[in-house]
Amino acid sequence: ELEQQYIIGEHGKPSLAGHPELHFSLSHSGHYVACALGSSELGVDIQHQVKVNEGVVKRVCSEEEIRWLDAQDEAGRVVGFLRLWSLKESWFKAVGTGLTDDYPYFDLTGSSPLLLNKEGDYSFFEFSFGEGRGTLCLPAGDIQPEIITL
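For clarity, every value in this text was computed on a predicted model and none was experimentally measured.

### Looking at the sheet that holds strand β8 (residues 122-129)
Turning to step 1, where the next piece is worked out: The strand order across the open sheet built from 3 strands is β5-β9-β8, with neighbouring strands paired in antiparallel fashion. A single partner strand is all that each edge strand has here, and the edge strands are β5 (43-47) and β8. Between one strand and the next, the sheet's axes are offset by a mean angle of 15°, whatever the strand orientation.
Turning to step 2, where the next piece is worked out: Here 8 bridges tie β8 to strand β9 (residues 132-139), and the two strands are oriented antiparallel to one another. What sits directly across from E126, in β9, is T135.
Turning to step 3, where the next piece is worked out: Against the sheet, helix α3 (residues 74-95) contacts β5, β8 and β9, and its axis sits at roughly 155° relative to β5.

### Some thoughts on the nonpolar core
Turning to step 1, where the next piece is worked out: In terms of nonpolar packing, the biggest core is built from 21 residues, with C61, L69, F81, L84, F106 and F124 touching the most fellow members.
Turning to step 2, where the next piece is worked out: At the level of elements, α1 (54-60), α2 (63-70) and α3 are the ones that each hand at least two residues to this core.
Turning to step 3, where the next piece is worked out: With 9 residues, α3 is the single largest residue contributor to this core.
Turning to step 4, where the next piece is worked out: Residues within four places of F106 in sequence aside, it is in contact with E65, L84, L87, K88, P113, L114, L115, L116 and F124.
Turning to step 5, where the next piece is worked out: In terms of nonpolar packing, the next biggest core, distinct from the first, is built from 10 residues, A36, L42, I46 and F129 among them.

### Quick word on the packing of α2 against α3
Turning to step 1, where the next piece is worked out: α3 packs onto α2 with a crossing angle of 150° between their chain directions and a minimal axis gap of 9 Å. By the angle between their directions, the pair α2 and α3 is classed as roughly antiparallel. Taken together, the residues of α3 that come into contact with α2 (itself represented by E65, W68, L69 and D70) are R77, G80, F81, R83, L84 and K88.
Turning to step 2, where the next piece is worked out: Looking at the contact of α2 with α3, its residues break down into 4 nonpolar, 1 polar and 5 charged.

### Re the pairing of strand β4 (residues 32-38)
Turning to step 1, where the next piece is worked out: Pairing of strand β3 (residues 23-29) with β4, which is carried by 7 bridges, proceeds in the antiparallel orientation. Residue S27 lies in a different strand from β4, and its bridge partner there is A34.
Turning to step 2, where the next piece is worked out: Between β3 and the antiparallel strand that follows it, β4, lie 2 residues; G30 among them carries a positive phi value of about 60°.

### A look at the packing of aromatic side chains
Turning to step 1, where the next piece is worked out: Counting across every chain of the model gives 5 aromatic pairs.
Turning to step 2, where the next piece is worked out: Where W85 meets Y103, the ring centres are 6.2 Å apart and the plane angle is 50°; that geometry is what we call tilted. Taken as a pair, W85 in helix α3 and Y103 in the loop between α3 and β6 (106-107) lie far apart in primary sequence, 18 residues in all. Take W85 and Y103: they sit in the same class, and that class is buried.
Turning to step 3, where the next piece is worked out: Each ring, one from F92 and one from Y103, has its centre 5.7 Å from the other, and the planes form 80°; the classification is edge-to-face. A residue pair is termed long-range when its members are at least 10 positions apart, and F92 in helix α3 and Y103 in the loop between α3 and β6 qualify at 11 residues. Comparing F92 with Y103, the two get one shared label, buried.
Turning to step 4, where the next piece is worked out: Each residue in the set W85, W91, F92 and Y103 is aromatic and connected to the rest through ring pairs, giving one cluster.

### Section: the layout of surface pockets
Turning to step 1, where the next piece is worked out: By volume, the second largest pocket is sized at about 230 Å³.
Turning to step 2, where the next piece is worked out: The wall of the second largest pocket is formed by 14 residues, among which G12, K13, P14, S25 and K93 lie closest to the centre.
Turning to step 3, where the next piece is worked out: Secondary structure elements with two or more residues in the lining of the second largest pocket: β3 and α3.
Turning to step 4, where the next piece is worked out: Across the lining of the second largest pocket, the residue classes tally to 5 nonpolar, 6 polar and 3 charged.

About the criteria used
Residues numbered from 1 in each chain as written. Predicted model: local features only at pLDDT ≥ 70, side-chain atom pairs only at ≥ 80, totals over all residues. Heavy atoms only, no water. Pairing = 2+ DSSP bridges. Helix = DSSP H or I, 4+ residues; strand = E, 2+ residues; numbered from the N terminus. Axes fitted to C-alpha atoms, helices over the stretch in contact; angles between N-to-C directions. Contact = heavy atoms within 4.5 Å. Core = buried A, V, L, I, M, F, W, Y, C linked by side-chain atoms within 4.5 Å. Buried < 20%, exposed > 50% of the residue type's maximum accessible area, 1.4 Å probe, protein only. Parallel < 35°, antiparallel > 145°, perpendicular 65-115°, else oblique. Nonpolar A, V, L, I, M, F, W, Y, C, P; charged D, E, K, R; others polar. Phe/Tyr/Trp six-rings, centres within 6.5 Å; stacked < 30°, edge-to-face > 60°. 1 Å grid on protein atoms, 1.4 Å probe; cavity = no way out; pocket = protein on both sides within 12 Å on 5 of 7 lines; lining within 4 Å. Points joined across faces, edges and corners; volume = space filled by probe spheres on them.

Structure below.
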C-alpha cells in the first residue's frame with residue numbers, strides 16, 4: 001500500500017514524498033475544484049465569477065493589462081480579470097514561489113496569452129466551466145494536456 005506523505009516546499013508547494021516523477025496542482029473556487037497531474041512542474045488555477053475589485057486590479061496588473069481591461073465592456077471586464085488572475089496564479093503555482101508582489105504580466109491581444117516579464121518558456125491552456133475560467137500552466141514543449149470536466 002502506498003502511503004501518501006506530502007512534503008511542503010520552501011514556499012508552500014506540496015509534493016508527494018518518494019515520487020519526484022509525479023507533480024500535481026490543486027485549485028478551488030466556489031463549489032468547483034481542479035486537479036492537475038503531470039510528469040513536470042505545473043500549476044492550475046480556477047476562478048469562479050466574482051466582482052472585479054479595482055484595488056486588486058491596480059495592485060496585480062500592469063499598465064498594459066489595465067488598458068486592455070478598460071477597453072472591455074462590463075461583462076468582458078469581469079471575464080478578462082478572471083482570465084488574467086487565473087493566468088497569474090497558475091504561473092505562480094507552476095514555478096513554486098507562492099504568491100509574491102512580483103506578478104507576471106501578459107499580453108492578451110493575440111490568439112494565446114504571451115508571458116512578458118518572466119524568464120522561462122511556459123504554455124498556458126485556458127478552459128471555462130460554469131461561470132468561471134481556469135488555466136493550466138506547463139513548461140513549453142510538454143504534451144498537449146487533456147482537460148476533463150465533470
